[in-house]
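Geometric and topological summary
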Amino acid sequence: VVLAFGWSLVLWYTLFELYSTEATTTVYKKVEVALKLSQSLALMEVVHAAVGLVRSSPITTFIQVQSRLVVLWLVLDPVREVQADTNVPIMICAWSVAEIVRYWYYALSLVDKVPYFLTWMRYSFFTFL
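Criteria and thresholds
Residues numbered from 1 in each chain as written. Predicted model: local features only at pLDDT ≥ 70, side-chain atom pairs only at ≥ 80, totals over all residues. Heavy atoms only, no water. Salt bridge = Lys/Arg side-chain N within 4 Å of Asp/Glu carboxyl O. Helix = DSSP H or I, 4+ residues; strand = E, 2+ residues; numbered from the N terminus. Buried < 20%, exposed > 50% of the residue type's maximum accessible area, 1.4 Å probe, protein only. Axes fitted to C-alpha atoms, helices over the stretch in contact; angles between N-to-C directions. Parallel < 35°, antiparallel > 145°, perpendicular 65-115°, else oblique. Contact = heavy atoms within 4.5 Å. Nonpolar A, V, L, I, M, F, W, Y, C, P; charged D, E, K, R; others polar. Polar contact = N/O pair within 3.5 Å; in protein donor to acceptor, adjacent residues only side chain to side chain.

1. Observations regarding the pattern of salt bridges
- If you walk through the whole model with that rule in mind, you get 6 salt bridges.
- With a closest N to O distance of 3.2 Å, E99 and R68 form a salt bridge. Taken as a pair, E99 in helix α6 (residues 88-110) and R68 in helix α4 (residues 58-76) lie far apart in primary sequence, 31 residues in all. By the burial criterion, E99 is buried, and R68 matches it.
- Here R102 makes a salt bridge to E99, at a shortest N to O gap of 2.7 Å. With R102 and E99 both in helix α6 and 3 residues apart, the pair spans about one turn of that helix.
- By relative accessible area, which is 14% here, R102 ends up buried.
- Among the residues examined, E99 registers a relative accessible area of 6% and is labelled buried.
- One network of salt bridges, in which partners are shared, links K29, E32, K36 and D77.

Right under this line is the structure:
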C-alpha cells in the first residue's frame, strides 16, 4: 500500500507539473525524489520473493526490477539531456499507472477484495503501457 501511494504521488507531481508549466523539460526534477524512492523500494519485492513472502521467482523479480533501476539510475539520473526529453513524462506516467494498479491489486488480493475493474486493469493495461 505504501508504494501505491508513492507511485500515486509520482503521478500527481508529474501531471501537476505538466498542467501548471505546460513544459515537459521540468518534470523529472519535480518528481525526482519520489520517483527514485518509489522505484528503489521495489527492490524489497526481490527480498520478499527470496524469503518466500510471495510466490514469485526472485530471479524473475530481480530482472524486472533491475531493468527500471538501470533506466532510472544509469541513464535518466546522470544524463541531464535525457531528463529534459519530452518522452520522460510519458515514461513516468506509464510506470506510475502500471505500479498503482499493480500494488492496489496485490494489496486487495491479500484480503480477497479485488474488484473486477482492478483485475481487468491489471491484466489489460500492459497492452498499451
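Next, the rest of the story.
2. Some words on unusual backbone geometry
- Its identity is not glycine, yet E22 carries a phi of approximately 55°, on the positive side.
- With respect to the element layout, E22 can be found in the loop between α1 (2-21) and α2 (27-40).
- The exposed category is assigned to E22, whose relative accessible area is 73%.
- Notably, D112 is not glycine yet its phi reads approximately 55°, a positive angle.
- Relative to the assigned elements, D112 resides in the loop between α6 and α7 (116-124).

3. Some details on the packing of α1 against α2
- At a minimum axis distance of 9 Å, the contact between α1 and α2 shows a crossing angle of 170°. For the element pair α1 / α2, the angle class is roughly antiparallel. Each of L3, G6, W7, L9, V10, Y13, T14, E17 and L18 in α1 lies in contact with α2, whose residues at this interface are V27, K30, V31, A34, L35, S38 and Q39.
- Of the residues in the contact of α1 with α2, the class split is 10 nonpolar, 4 polar and 2 charged.

4. Here's the deal with the side chain of Q83
- Mapped onto the elements, Q83 comes out in helix α5 (residues 80-83).
- On the basis of relative accessible area, Q83 is assigned to the buried category, the value being 5%.
- Separated by 2.7 Å, the side chain of Q83 and the backbone oxygen of D77 make a polar contact.

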